[in-house]
Amino acid sequence: MFDYNGSFQSAVAVLKREHRYRVFVDLERKVGQFPHALWNSPTGKRDVVVWCSNDYLGMGQHPKLIDAMCAAARTMGTGAGGTRNISGTNRALVELEAELADLHSKEAALVFTSGYVSNHTGIATIAKLLPDCLILSDALNHNSMIEGVRAADCSKQIWRHNDLKHLEELLCRAAAGRPKLIVFESVYSMDGDVAPLEAICDLAERHGAMTYLDEVHAVGMYGRRGGGIAERDGVMARIDVIEGTLAKAFGTLGGYIAGRSAIVDAVRSHAPGFIFTTALPPSIAAAATASIAHLKTSGAERAAQRAAVAATKAALREAGLPVLDTETHIVPVMVGDPAKCKQASDLLLDRHGIYIQPINYPTVPRGTERLRITPTPAHDVRLVRQLADAMVSVWHDLGIALGRYHQPGDQRAQTVAAGG
Ligand SMILES: *Cc1c(COP(=O)(O)O)cnc(C)c1O
């Protein structure tokens, strides 16, 4: 008889052997004390400082969001009660979509249950609605985009990460009248680098291609109103579809696309990941709207984040830690070995009360394992000092050499492209 259990056990054993078995850290976030949280450790509750949260601006416990969420739940209840088509379209969600369309200066926006779903079903649906569409996808795109491209079931080409020459080559090779969809991100979440949006728009316009941009790691944080890198670079109007999340800098849950009415209406009408699932509850929609509205006019969070990021980068570099150069709020410290990366994370948590999840394959290519640090407005100079000291001590304990990180170059992109 077939050994079902054995199959599952060996699937996990492989991960353990390669030091990439995922162990979740059981946390209780404490309102008013971010980035401090309680860790339910094997020996009981302990206070830790979280340095790897995607609640980039600490909005997840902003009083305006908590009030909006509680008020909506009290007046409109907990769940949406149905799919968008069958009784689930609630007033708070309609308001959220208007707020998002305004944020990106687009005709319309559509909310999904997560950023993952918005990419997966959004990309697949848009590509399927275009006859004989060719998708051109950046090699380092997030898994949700890779899966969306796969589900589109049309021809695709992967362009080397942020390599305009390669993208142009591929565009030139495609027939002039053929529909083409360029799929890419603005801020890449693991290396913290930024796509040359203006040049990509130039290429897209020259070759009659449509653009689909994931701004998940940029919305709320870049641009005058938090509209993302496209707003910062003045190219929002030139991007056909902007995709974002409500779960990172906006501090709640959900994903969305924004674009011309015709595109949004077509996705609304055809995307299975939108149609066949229950709508977001009003409480979450109301909190997300409060967050977006706040960050449209308040630059204080963005300024404080930039200051914390600069202080963290400076302190870690000065301590001799191999920080990957980035121009964004993402601060990767390279380890380059899966076992050491996990051990470094464990020691930081156990001995220093500092929580930074190790990032191993397949999230990043093998050999580029790292600790990915995300300073927020709440990480003050004292916490930064403590972090630098703790990391130096851990590097010493594990016998990892200090010094500058040397990027392995093109190899990165190719490993991921092959895997994706
Ligand atoms: C996190 C992430 C997503 C998914 O967003 P969720 O709202 O968390 O599902 C999409 N794209 C990128 C680049 C991401 O990092």
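Scoring rules and cut-offs
Residues numbered from 1 in each chain as written. Predicted model: local features only at pLDDT ≥ 70, side-chain atom pairs only at ≥ 80, totals over all residues. Heavy atoms only, no water. Phe/Tyr/Trp six-rings, centres within 6.5 Å; stacked < 30°, edge-to-face > 60°. Helix = DSSP H or I, 4+ residues; strand = E, 2+ residues; numbered from the N terminus. Buried < 20%, exposed > 50% of the residue type's maximum accessible area, 1.4 Å probe, protein only. Lys NZ or Arg CZ within 6 Å of the ring centre and 35° of its normal. Core = buried A, V, L, I, M, F, W, Y, C linked by side-chain atoms within 4.5 Å. Contact = heavy atoms within 4.5 Å. Pairing = 2+ DSSP bridges. Axes fitted to C-alpha atoms, helices over the stretch in contact; angles between N-to-C directions. Expected span 1.5 Å × (residues − 1). Polar contact = N/O pair within 3.5 Å; in protein donor to acceptor, adjacent residues only side chain to side chain.

Given two aromatic rings, one states the distance between the centres and the angle between the planes to describe the pair. A full pass over the atoms with the stated rule returns three aromatic pairs. Arranged with centres 5.6 Å apart and planes meeting at 75 degrees, the rings of Phe112 and Phe274 form a pair that is edge-to-face. Pair noted here: Phe112 is in strand β4 (residues 108-112) and Phe274 is in helix α11 (residues 272-275), with a separation of 162 residues, a long-range link. Overall, the relative accessible area of 2% leaves Phe112 in the buried class. Positioned above the aromatic ring of Tyr21, the side-chain terminus of Lys16 is 4.5 Å from the ring centre. Geometry around Tyr361 places Arg366 over its ring, the cationic atom sitting 3.9 Å from the centre.

What follows is about the nonpolar core. Counting 61 residues, the largest nonpolar core has Leu96, Leu100, Ile182, Phe184 and Leu246 as the members making the most contacts within it. Of the residues forming this core, the biggest block, seven residues, is contributed by helix α12 (residues 282-297). Not counting residues up to four positions away in its chain, the partners in contact with Leu96 are Val111, Leu246, Ala285, Ala288, Thr289 and Ile292.

Read from one edge to the other, the open sheet built from three strands follows the order β11-β14-β13, with strand pairing classed as antiparallel. Lying at the two open borders of the sheet, with one neighbouring strand each, are β11 (331-334) and β13 (358-359). Relative to strand β14 (residues 370-373), β13 runs antiparallel, the two being bridged by two bridges. Considered in β14, the bridge of Ile359 is made with Arg370. Against the sheet, helix α14 (residues 338-352) makes contact with β13 and β14, and its axis sits at roughly 50 degrees relative to β14, the strand it touches most. On top of the sheet, helix α15 (residues 381-397) reaches β11 and β14; it is set at about 175 degrees to β14, its chief contact.

Attention now goes to helix α5 (residues 115-129). Owing to its 3.6 residues per turn, the α-helix brings residues three or four apart onto one side. Taking 1.5 Å as the rise per residue, α5 with 15 residues should run 21 Å; its terminal C-alpha atoms sit 21 Å apart, in good agreement. Those residues of α5 not exposed but buried are Gly115, Ser118, Asn119, Thr121, Gly122, Ile123, Ala124, Thr125, Ile126 and Ala127. Near the N-terminus of α5, the side chain that reaches the backbone nitrogen of Tyr116, with its oxygen 3.2 Å away, is that of Ser114.

The terminal C-alpha atoms of α15 lie 24 Å apart, and with 17 residues this matches the ideal 24 Å at 1.5 Å per residue to within 8%. Residues Leu383, Val384, Leu387, Ala388, Ala390, Met391, Val394 and Trp395 constitute the buried set of α15. Within two residues after α15, Gly399 carries a phi angle of roughly 65 degrees, on the positive side.

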